[in-house]
Amino acid sequence: LDATAISVSLLRRDFNTAGSVMFLLGVGELLEEWTHKKSVGDLARSMSLNVEKVWKKVDGTEVLVPLSDVTAGDELTVHMGTVIPLDGVVVSGEAMVNQASMTGESQPVRKEPGSYVYAGTALEEGEITFKVEKSAGSTRYERIVQMIEDSEKLKSSVEGKASNLADALVPWSLGGTALTYLLTRNATKALSILMVDFSCALKLAMPLAVLSAMREASQHHITVKGGKFLEAVAEAETIVFDKTGTLTKGEFKVSEVQPSADKNNTIGKEELLEIAAYGEGYSNHPIANSIREAYGKTLSMERVTDTEEIAGHGIHTFIDGREVYLGNAKLMDAQNIAYTENKTAGTVVYVACNNVFAGSIVISDTVKEGSKDAIRDMKQVGVKKTVMLTGDRQAAADAVAAELGIDEVHAELLPADKVGQVEKLLGAQNEKERLAFVGDGINDAPVLTRADIGIAMGSMGSDAAIEAADIVLMDDDIRKIASLVKIARKTLGIVKQNIVFALAVKALVLLLGALGMANMWEAVFADVGVSVIAILNSMRTLNTK
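Conventions used here
- Residues numbered from 1 in each chain as written.
- Predicted model: local features only at pLDDT ≥ 70, side-chain atom pairs only at ≥ 80, totals over all residues.
- Heavy atoms only, no water.
- Helix = DSSP H or I, 4+ residues; strand = E, 2+ residues; numbered from the N terminus.
- Buried < 20%, exposed > 50% of the residue type's maximum accessible area, 1.4 Å probe, protein only.
- Contact = heavy atoms within 4.5 Å.
- Areas by Shrake-Rupley, 256 points an atom, 1.4 Å probe, with all protein chains shown as cover.
- Pairing = 2+ DSSP bridges.
- Axes fitted to C-alpha atoms, helices over the stretch in contact; angles between N-to-C directions.
- Salt bridge = Lys/Arg side-chain N within 4 Å of Asp/Glu carboxyl O.
- Parallel < 35°, antiparallel > 145°, perpendicular 65-115°, else oblique.
- Left-handed = near helix turned anticlockwise from the far one by under 90°.
- Nonpolar A, V, L, I, M, F, W, Y, C, P; charged D, E, K, R; others polar.
- Phe/Tyr/Trp six-rings, centres within 6.5 Å; stacked < 30°, edge-to-face > 60°.
- Lys NZ or Arg CZ within 6 Å of the ring centre and 35° of its normal.

### So, the overall build of the protein
Within the protein, the regular secondary structure consists of 18 helices and 20 strands. Within the protein, buried positions represent 49% of all 545 residues. In the protein, the share of contacts with a sequence separation of at least 24, taken over all contacts with a separation of at least 6, comes to 62%. Accessible area of the protein: about 25,300 Å², with a carbon and sulfur share of 53%.

Okay, here's the thing in structure tokens:
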């Protein structure tokens, strides 16, 4: 349509109109290109490592070579104060590596032979030589950059509808031009109809609004994998959380040691904790670690014999010749040991010595700082319902939910049960509502995929969860979800503003042109001017803080 309008203007020797249209079209293209660079190009470049040369081991000697010459299997040496350029496995040396850019860990991590190192992490102390696992262009870091660059391909449905509408209106614009000329024999009136092109404002401004929003989300350390996910977040009415690692730290601590009041029990609080620590002496489970940490003394494991782990129930062992059972209530029931149920919130370990109930130990998972604020902020921005899913006991789950202000709790779930609960919640909502799931672990990947929007924790989450998610919180701060909802809703508002503004102005000028009341400059404004205004509106800062 623009090409036709310019050609007709040139044929009529109306060079002012043709030049003005071309100038404004050029301005629009420059604005689009500049915004695209800011939204995608600058973001990707800011994440790139900018490493050009590396020290490669060749016949036992370090040789400085271009990074592009390195292939999988080569050995590279990294010195103190430099960035690790590629993913690989350490073959020699020891070092402390800052992995905050990749995993979010606040403290440097010790790396030694056999340890895995990531591209983009910084070596703070020491020196290592590692074998390259993946060449340039295929590291985890670069996959994140590529994901951002590709994300604009995932258009939102609003963008798709606007683009389809623009395409559908082109034949009508051409038909209206021909009809106006046939009825009036006035080329100026016909040209004013032709100049009013719907497609530019609709096709350019919508993607730019989404890209600008994705760039702003990245400034909040949120990676959005496509425009359609921003639109889904804007319509999110229910947000479902996994508990451990998402709302809580996953750091277990002994919160209560309760000896049995049974008259046959002679074991006090300190001895009860000692027995539990020895009973869990060979286990690497976080609960076992928390009990040993609470005991705080060196264990002489020669006191322990014939330890047997009873899957899903607990442990059977002998300590100083005494038969000990420690585990959950099912273990006590299976051994026909009379016990007093402990209803305190948390994970309860029951202990029996020589078939006499000795007492119980409660281990609690600590709530993350900011979790309560996050739930409050989400409700303030319009999220109607918050739900928590967990494999933990109902009492422990209810206590966390009450502390955080969560509306609905489903406890004692297996990973497959979580998918079932999400499907039930999805079935209960209407077509316009969306459900988001927030999780971090490997077993959360199926749920992240099943929800309308999957949100994963970037630094502590598993690769499987991050790959399955639509949105990644790079610093694991779930308070950012409320900011994301604000960004998404404001972006959707801008998109709708652009559509209404473009259609209204263009339709008005079309009508005036057909009636002979609009001149060529008004038609030019309705065509290119409206596009420029829509682009500028899409580029503006969202100010969601």
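Further notes follow.
### Section: the sheet that holds strand E18 (residues 434–439)
Spatially, the 7 strands line up as an open sheet ordered E8-E20-E19-E18-E9-E16-E17, and their pairing is mixed. Among the strands making up the open sheet, the edge pair consists of strand E8 (222–224) and strand E17 (408–410). Neighbouring strand axes in the sheet, compared pairwise and without regard to direction, differ in orientation by 20° on average. As judged from the 3 bridges shared by E8 and strand E20 (residues 471–473), these two strands associate in the antiparallel manner. Each residue of the ladder has a partner; that of Thr223, found in E20, is Val472.

### Points about the pattern of salt bridges
One pass over the full model with this rule turns up 15 salt bridges. Notably, a salt bridge pairs Lys385 with Glu408, separated by 3.4 Å at the nearest N-O pair. You can see Lys385 sitting in strand E16 (residues 385–389) and its partner Glu408 sitting in strand E17, a full 23 residues away along the chain. Counted as one network, the salt bridges with shared partners bring together Glu94, Arg110 and Glu112.

### What to know about the pairing of E18
In terms of burial, E18 is a largely internal element, 5 of the 6 residues being buried. Taken together, the 5 bridges between strand E9 (residues 236–242) and E18 define a ladder with parallel strand orientation. Bridge pairing in E18 links Thr238 to Leu435. Pairing geometry for E18 and strand E19 (residues 453–457), over 4 bridges, is parallel. Residue Phe437 lies in a different strand from E19, and its bridge partner there is Gly454.

### Remarks on the packing of helix H9 (residues 269–279) against helix H10 (residues 286–295)
For the pair H9 and H10, the least separation of the axes is 9 Å and the interaxial angle reads 135°. By the angle class used here, H9 and H10 are oblique. Where H9 crosses over H10, the handedness of that crossing is left-handed. Touching Leu273, Glu274, Ala276, Ala277 and Tyr278 of H9 are Ile291, Arg292, Ala294 and Tyr295, all from H10. For the contact of H9 with H10, the class distribution of residues is 7 nonpolar, no polar and 2 charged.

### Examining H10
Side chains that are three or four residues apart share a direction in an α-helix, a result of its 3.6 residues per turn. If you check which residues of H10 are buried, you get Ile287, Ala288, Ser290, Ile291, Arg292 and Tyr295. Looking at the buried positions of H10, the neighbouring elements they touch are strand E10 (248–259), H9, strand E14 (347–353) and strand E15 (356–367). Remark: Gly296 follows H10 within two positions and exhibits a positive phi of approximately 75°.

### Side note on the packing of aromatic side chains
Evaluated as defined, the whole model comprises 5 aromatic pairs. Here the aromatic cluster, defined as three or more aromatic residues joined through ring pairs, consists of Tyr339, Tyr350 and Phe357. If you follow Arg303 out to its NZ or CZ, it ends over the ring of Tyr278, 4.3 Å from the centre.

### A look at the sheet that holds strand E12 (residues 314–319)
Spatially, 6 strands are ordered E10-E15-E14-E13-E12-E11 in an open sheet, and the strand pairing comes out antiparallel. On the outer flanks of this sheet lie E10 and strand E11 (304–310), each paired with one strand and no other. Across the sheet, the mean angle separating the axes of adjacent strands is 20° when strand polarity is ignored. Here E14 runs beside E15; their pairing, made up of 7 bridges, is antiparallel. Note on E15: the bridge partner recorded for Thr347 is Ile363.

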